[in-house]
Amino acid sequence: MSADNTLPTSATVSARSQEAFHCNVNAVVSDDLRIFLDGLALAPRGFNNTLGSLRTFFAFAQDRGWLSKEADLLAGIEKRREMSVPVEIFYPSRNGRIARAVLR
């Protein structure tokens, strides 16, 4: 963290978050985060990954004393339901056929 208590570049979630939250970490409010997340227009998995990153960052900020332990900036922001996607397993016997098909 810099001397003026602003979010360090390495701790921001993305370049967009740097633009959206160019302020002290303790100046961010829940509505700011809600607007930021909605503005990203992410699919559920991307939204949930970003939400998880934000939770981790704010827990880190609380541990460092940059943010009050009582602050729950993500309260009311729920994970989005992800659709189940079948997982295809590639077996060694098929890998050669797949590689040959790709190289054609």
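Residues numbered from 1 in each chain as written. Predicted model: local features only at pLDDT ≥ 70, side-chain atom pairs only at ≥ 80, totals over all residues. Heavy atoms only, no water.

## A closer look at the environment of glycine 46
Thinking step 1. Residue position: glycine 46 is located in helix α3 (residues 44-63).
Thinking step 2. For the pair glycine 46 and glutamate 82, spaced 36 residues apart in the sequence, the C-alpha separation amounts to 9.8 Å. (Helix = DSSP H or I, 4+ residues; strand = E, 2+ residues; numbered from the N terminus.)

## Some points on the packing of aromatic side chains
Thinking step 1. Here the structure, examined in full by the defined rule, presents two aromatic pairs.
Thinking step 2. Measuring from centroid to centroid gives 5.4 Å for phenylalanine 60 and tryptophan 66, while their planes differ by 80°, and the two rings are edge-to-face.
Thinking step 3. Under the relative-accessibility criterion, phenylalanine 60 is labelled partly exposed at 34%.
Thinking step 4. The ring of phenylalanine 47 has arginine 80 lying over it, and the distance from NZ or CZ to the ring centre is 3.7 Å. (Phe/Tyr/Trp six-rings, centres within 6.5 Å; stacked < 30°, edge-to-face > 60°. Buried < 20%, exposed > 50% of the residue type's maximum accessible area, 1.4 Å probe, protein only. Lys NZ or Arg CZ within 6 Å of the ring centre and 35° of its normal.)

## Some thoughts on the packing of helix α2 (residues 30-40) against α3
Thinking step 1. Two numbers describe how α2 lies on α3: the axes approach to 11 Å, and their chain directions differ by 150°. Overall, the two elements α2 and α3 adopt an arrangement that is roughly antiparallel. Seen along the crossing, α2 lies across α3 with a hand that is right-handed. Residues Leu33, Leu37 and Leu40 of α2 form the contact with α3, whose own contacting residues are Phe47, Thr50, Leu51, Leu54 and Phe58.
Thinking step 2. Among the residues forming the contact of α2 with α3, the class breakdown is seven nonpolar, one polar and no charged. (Axes fitted to C-alpha atoms, helices over the stretch in contact; angles between N-to-C directions. Parallel < 35°, antiparallel > 145°, perpendicular 65-115°, else oblique. Left-handed = near helix turned anticlockwise from the far one by under 90°. Contact = heavy atoms within 4.5 Å. Nonpolar A, V, L, I, M, F, W, Y, C, P; charged D, E, K, R; others polar.)

## Describing α2
Thinking step 1. Within the sequence span of α2, burial applies to Leu33, Phe36, Leu37 and Leu40. For α2, the angular spread of the buried residues around the axis is 95°, confining them to a single face. Away from its buried face by more than 90 degrees, α2 exposes Asp31, Ile35 and Gly39.
Thinking step 2. Positive backbone phi, approximately 50°, marks alanine 41, located one or two places after α2. (Arc of directions from axis to C-beta.)

## So, the nonpolar core
Thinking step 1. The biggest cluster of nonpolar side chains holds 17 residues, and the ones touching the most others in it are Leu33, Leu37, Phe58, Leu74 and Ile77.
Thinking step 2. Secondary-structure elements contributing two or more residues to this core are α2 and α3.
Thinking step 3. Element by element, the count of residues in this core is highest for α3, at six residues.
Thinking step 4. Ignoring anything within four residues of it in the chain, the contact list for isoleucine 77 reads Ser30, Leu33, Arg34, Leu37, Phe47, Leu51 and Arg55. (Core = buried A, V, L, I, M, F, W, Y, C linked by side-chain atoms within 4.5 Å.)

## Points about the confidence of the model for the protein chain
Thinking step 1. Overall, the predicted model of the protein chain reaches an average pLDDT of 78, with 76% of residues at or above 70.
Thinking step 2. The least confident element of the protein chain is helix α1 (residues 15-20), whose mean pLDDT is 59; the most confident is α3, at 91.
Thinking step 3. Segment residues 5-14 is flagged for pLDDT under 50; beyond a separation of four residues in sequence, or across chains, it makes 20 contacts in the model. (pLDDT = per-residue confidence, 0-100.)

## Quick notes on α3
Thinking step 1. In this model, α3 (20 residues) spans 28 Å end to end at C-alpha, consistent with the 28 Å of a helix rising 1.5 Å per residue.
Thinking step 2. In the segment just after α3, glycine 65 is the residue with positive phi, at about 85°. (Expected span 1.5 Å × (residues − 1).)

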